[in-house]
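This is what each chain is made of:
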Amino acid sequence: MADVAVELVLRSTRVITPEGTRAASVAVAGGKITAVLAYEAEVPAGARLEDFGDDVLLPGLVDTHVHVNDPGRTEWEGFWTATRAAAAGGITTILDMPLNSLPPTTTTDNLRVKQEVARAKAHVDVGFWGGALPDNVKDLRPLHDAGVYGFKCFLSPSGVDEFPELDQEQLATSLAEITGFGGLLIVHAEDPHHLDAAPVVPGPKYADFLASRPRDAENTAIGNLIAQAKRLNARVHVLHLSSSDALPLIAAAKAEGIKITVESCPHYLTLTAEEVPDGASEFKCCPPIREAANQDLLWDALADGTIDCIVSDHSPSTADLKTSDFSTAWGGISSLQLGLPAIWTEARRRGRTLEDVVRWMSAAPAALAGLAQKGAIEVGRDADFAVLAPEETFTVDPAELHHRNQVTAYAGKTLHGVVKSTWLRGAQIADHGTPTEPTGLLLERQN
């Protein structure tokens, strides 16, 4: 360590590395990890020591599914509040979804608008997904060349008019174009025909809403996507999986060598349909939160690798859009600041480890997006960290969240895992839930 111009040493009895958890000292210089050394390693002259004792030092989380809604719908969220919430929750990198902002990220001009808005507001590093629409096939390669990390599409209505869905022919056309330049398509997979055939009953009953978004809608859409990916040898990613019935299809596709990855989200893995009160549309999302037995199978799929990663699908809105009528309330759950403790609370109950959580919420999302500098405490990576007290608990108070609108399905829940601090490229960006000034960078795909 003495031979390196080390600026900072972070020390803990529990450091989560790709090789496992151990007592270690992590050396940082120029915003990068330069060494992972023995716990007792000497601190060089001029370097600052941060000793976290028995609190766990883990790599900063990477959340590849965040709806920031900026510009255009900043009363719903915005880069300032979203990235503050991320920093407070141990997340050091987010990828912004292309819709719910005005304009959507569907052309290079629109991407530049969004980047300029985000530049001075980012408390964490921010990258961007592009969007695949029926009429923007010509814009996909330019967006790829401009550095987006891939392209999102819907197979059923998105909920906003400016981001229409793709039918199967349009999906094939866009996927062929994206595959031609080695890109990634990420897909909201619900089949519109199954949704159209499902009953829609206005009112406050969660059971009625659940019946309106049947599992078959997910299963059919995912089956069709797998067929398209196989035919084109394309790379695809299934967003926010909620239906456990689709898991055998996905596992078989992976075994066959089809290039498919899958995410799920904290709300599907920690909340159940049985606990959703009627009228409580803070629990509404699409696809929906399903039953406890379904959730058990999702956890099994995380354990065996059928599901690759966990990301938030943070999709906020103003409180007035969360009416008690499930058929008309805005669908989306705000969890950006709470994902780590929510998942850790359930993971520990199920006998999983923090190493598992780091794999699902940091390493795997970084790998999905090709963020080679993120996702691990390893020499050469960015010095991005979260410090977690995993045995401590807290009760969720919406007023303490940094989201613009303090609407959350986790209100009043007691969770394990208190984020003590968050670090971005060796600089502390949040201390006991209080973010510092914005120092995040705008990221572009590098390969």
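In case you missed it, the structure is sitting above this.
The structure presented is a predicted model; accordingly, all values stated were derived computationally and were not measured.

## Describing the packing of helix H7 (residues 215–232) against helix H8 (residues 247–256)
At a minimum axis separation of 10 Å, H7 and H8 run at an interaxial angle of 10 degrees. Taken together, H7 and H8 sit at an angle that is classed as roughly parallel. Of the residues in H8, those touching H7 at Asn 219, Ile 222, Gly 223, Ile 226 and Lys 230 are Leu 249, Ile 250, Ala 253 and Glu 256. Looking at the contact of H7 with H8, its residues break down into 5 nonpolar, 2 polar and 2 charged.

## Thoughts on the sheet that holds strand S12 (residues 236–238)
Pairing is parallel in the open sheet, where 6 strands are placed in the order S9-S10-S11-S12-S13-S14. The open sheet terminates on both sides in strands that have one partner only, identified here as strand S9 (130–131) and strand S14 (309–310). The strands that helix H4 (residues 168–180) touches are strand S10 (151–154), strand S11 (185–188) and S12; relative to S11, the one it contacts most, it runs at about 155 degrees.

## Concerning the pattern of salt bridges
Inspection of the entire model under this criterion finds 28 salt bridges. The partner of Asp 245 in a salt bridge is Arg 215, with the nearest N and O atoms 3.2 Å apart. Of the two residues, Asp 245 is situated in the loop between S12 and H8 and Arg 215 in helix H7; the sequence distance between them amounts to 30 residues.

## As for the environment of Glu 346
Locating Glu 346 in the fold gives a position in helix H11 (residues 339–349). Note: C-alpha distance between Glu 346 and Thr 108 (238 residues apart in sequence) is 41 Å. The residues touching Glu 346, leaving out its near neighbours within four places in the chain, are Leu 269, Thr 270, Gln 295 and Trp 299.

## Comments concerning the packing of helix H3 (residues 137–145) against H4
Taken N-terminus to C-terminus, the directions of H3 and H4 make an angle of 30 degrees; their axes are 10 Å apart at the nearest point. Classified by the angle between their axes, H3 and H4 sit roughly parallel to one another. As H3 runs across H4, the sense of the crossing is right-handed. Residues Val 137, Leu 140 and Arg 141 of H3 lie in contact with H4, whose contacting residues are Thr 173, Ser 174, Glu 177, Ile 178 and Gly 180. Of the residues belonging to the contact of H3 with H4, the class tally is 3 nonpolar, 3 polar and 2 charged.

## As for the nonpolar core
Judged by nonpolar contacts, the single largest core of 95 residues is most densely connected at Phe 151, Leu 185 and Leu 241. Excluding its chain neighbours within four sequence positions, the residues that come into contact with Leu 241 are Glu 218, Ile 222, Ala 246, Leu 247, Ile 250, Val 262, Glu 263, Ser 264, Tyr 268, Leu 298 and Ile 307. Residues Trp 76, Tyr 149, Phe 163 and Leu 371 belong to the second largest nonpolar core, which totals 20 residues.

## Describing unusual backbone geometry
Residue Asp 70 is joined to Pro 71 through a cis peptide bond whose omega torsion reads 0 degrees. Cis geometry marks the peptide bond from Cys 286 to Pro 287, where omega comes out at -5 degrees. As for its position among the elements, Pro 287 is in the loop between helix H9 (266–270) and helix H10 (292–304). Notably, His 240 is not glycine yet its phi reads approximately 30 degrees, a positive angle. Secondary-structure assignment places His 240 in the loop between S12 and H8. Assessed through its relative accessible area of 2%, His 240 is described here as buried.

## Some words on the side chain of Ser 156
With respect to the element layout, Ser 156 can be found in the loop between S10 and H4. A residue is classified by how much of its surface remains accessible, and Ser 156, at 0% relative accessible area, is buried. A polar contact of 3.4 Å, which involves the side chain of Ser 156, links it to the backbone oxygen of Glu 190. In contact with Ser 156, not counting residues within four places along its chain, are Glu 165, His 188, Glu 190, Pro 192 and Leu 195.

## Overview of the pairing of strand S13 (residues 260–264)
Of all 5 residues in S13, 4 are buried; the element is thus mostly enclosed. As paired elements, S12 and S13 share 3 bridges and run parallel to each other. If you follow His 237 over to S13, its bridge partner there is Thr 261. In this view, the connection linking S12 to its parallel neighbour S13 by way of H8 has right-handed handedness. Across 2 bridges, the pairing between S13 and S14 is parallel. Residue Glu 263 lies in a different strand from S14, and its bridge partner there is Cys 309.

## Looking at helix H2 (residues 108–119)
For H2, with 12 residues, the first-to-last C-alpha span of 16 Å sits near the 16 Å given by 1.5 Å per residue. Of all the positions in H2, only Asn 110, Leu 111, Lys 114, Gln 115 and Ala 118 are classed as buried. Angularly, the buried residues of H2 cover 140 degrees about the axis, an arc narrow enough to put them on a single face. Away from its buried face by more than 90 degrees, H2 exposes Asp 109 and Glu 116. On its buried face, H2 sits against helix H1 (79–88), strand S7 (91–96), strand S8 (125–128) and H3.

## A closer look at the sheet that holds S8
The strands that make up a sheet are held in pairs by hydrogen bonds between backbone atoms, and each pair lies either parallel or antiparallel. A sheet is described by the order of its strands in space; here 3 strands give the open sequence S6-S7-S8, paired in parallel fashion. Either end of the sheet is taken by a strand with one partner, and the two such strands are strand S6 (61–66) and S8. Pairs of neighbouring strands in the sheet enclose a mean axial angle of 20 degrees, with direction left out of account. By the bridge criterion, 4 bridges tie S7 to S8 in an arrangement that is parallel. The partner of Asp 96 across the bridge, within S8, is Phe 128.

## Comments concerning the environment of His 402
Position of His 402 relative to the elements: it lies in the loop between strand S15 (385–395) and strand S16 (414–424). Under the relative-accessibility criterion, His 402 is labelled buried at 19%. His 402 has contacts with Thr 81, Arg 84, Ala 85, Ala 88, Gln 337, Gly 433, Thr 434 and Pro 435, leaving out every residue within four places of it along the chain. At 2.6 Å, the side chain of His 402 and the backbone oxygen of Gly 433 are in polar contact.

Cut-offs and rules
All chains use their own residue numbering, which begins from 1 and follows the written sequence. Residues qualify for local features only when their pLDDT is at least 70, as the model is predicted, and side-chain atom pairs are given and counted only at 80 or more; totals for whole chains, interfaces and linings, by contrast, use all residues. Hydrogen atoms and water are omitted, and side-chain values are computed over all heavy atoms in the structure. Note on geometry: axes are lines fitted to C-alpha atoms, helical ones only across the stretch in contact, with angles between N-to-C directions running from 0 to 180 degrees. What counts as a helix is a DSSP run of H or I of at least four residues, what counts as a strand is a run of E of at least two, and both are numbered from the N terminus. The labels follow the angle: roughly parallel below 35 degrees, roughly antiparallel above 145, roughly perpendicular from 65 to 115, and oblique for the rest. Two residues qualify as a contact provided that any one of their heavy atoms is within 4.5 Å of a heavy atom in the partner residue. In this classification, Asp, Glu, Lys and Arg are treated as charged, Ala, Val, Leu, Ile, Met, Phe, Trp, Tyr, Cys and Pro as nonpolar, and every other residue, Gly included, as polar. Here a strand pair is declared whenever DSSP counts at least two bridges between the two strands. In what follows, salt bridge is the name for a side-chain nitrogen of Lys or Arg lying within 4 Å of a carboxyl oxygen of Asp or Glu. By the definition used in this description, the sense in which the near helix is turned from the far one sets the handedness, with an anticlockwise turn below a right angle giving left-handed and a clockwise turn giving right-handed. As used in this record, nonpolar core signifies buried Ala, Val, Leu, Ile, Met, Phe, Trp, Tyr and Cys residues forming a set joined through side-chain atoms within 4.5 Å. Residue burial is assigned from relative accessible area. The probe radius is 1.4 Å, only protein chains are included, and a residue is buried under 20% of its type maximum, exposed over 50%, and partly exposed in between. Under this definition, polar contacts are N or O atom pairs within 3.5 Å; protein pairs additionally need one hydrogen-donor-capable and one acceptor-capable atom, and for neighbouring residues in sequence, both atoms have to be side-chain atoms. Seen with its strands pointing away from the viewer, a crossover is right-handed if its path from the first strand over the helix to the second goes clockwise. For a helix, the expected span equals 1.5 Å multiplied by the residue count minus one. Throughout, the arc means the angular range of directions from the helix axis out to the C-beta atoms.

So far we have only geometry, and geometry alone does not tell us how the molecule works.
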